[in-house]
Amino acid sequence: MIISSENLTRVGFLRKSHGIDGALRAVIDEPFRDFVWEAEFLFLEIDGDLVPYAIDYIKGDEDNPVFKFEWVDTPEEAGKYSGVELYLENERITENITV
């Protein structure tokens, strides 16, 4: 899937690996939390490209969410994503929020 960065909004970033299944802690910017919790996938900025990653699950609370993405299955793999920025499609952000 190729999507223009003009059609995406930065909604947060990944912090660090969590647990043994490749999950990651994240920081989600407050105005976007509800939209991210409803998302089926997020775009991760990898080497300057915005790559879609399907979400297996989100757990925790809004202030300290833990994300598990498909194809990221070990703490070592998850560690590679620490600090990566997260994006969501603008069309998924439905309220009057300045992006």
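The coordinates are above.
Owing to the predicted nature of the structure, the values given are computational and were not obtained by experimental measurement.

Conventions and cut-offs
Residues numbered from 1 in each chain as written. Predicted model: local features only at pLDDT ≥ 70, side-chain atom pairs only at ≥ 80, totals over all residues. Heavy atoms only, no water. Helix = DSSP H or I, 4+ residues; strand = E, 2+ residues; numbered from the N terminus. Polar contact = N/O pair within 3.5 Å; in protein donor to acceptor, adjacent residues only side chain to side chain. Core = buried A, V, L, I, M, F, W, Y, C linked by side-chain atoms within 4.5 Å. Buried < 20%, exposed > 50% of the residue type's maximum accessible area, 1.4 Å probe, protein only. Contact = heavy atoms within 4.5 Å.

**Observations regarding the environment of glutamate 77**
As for its position among the elements, glutamate 77 is in helix 2 (residues 75–79). Here the alpha-carbon distance between glutamate 77 and threonine 94, two residues 17 residues apart in the chain, equals 33 Å. Within the structure, glutamate 77 has its side chain in polar contact with the backbone nitrogen of aspartate 73 (distance 3.4 Å).

**Concerning the nonpolar core**
Of all hydrophobic cores here, the largest spans 23 residues; its most connected members are Leu14, Leu42, Leu44, Phe67, Phe69 and Leu86. Breaking this core down by element, the ones donating at least two residues are strand 1 (8–18), strand 2 (23–28), helix 1 (33–38), strand 3 (41–46), strand 4 (49–59), strand 5 (66–69) and strand 6 (85–89). Sequence-distant contacts of phenylalanine 67, defined by excluding residues within four places in its chain, comprise Ala23, Leu24, Ala26, Ile28, Val36, Leu42, Ile55, Tyr57 and Ile58. Judged by nonpolar contacts, the second largest core, of five residues, contains Leu8, Phe41, Leu50 and Tyr87.

**A look at the environment of alanine 78**
For alanine 78, the position within the fold is in helix 2. In contact with alanine 78, other than residues within four places in its own chain, are Ser17, Gly22, Ala23, Leu24 and Val72.

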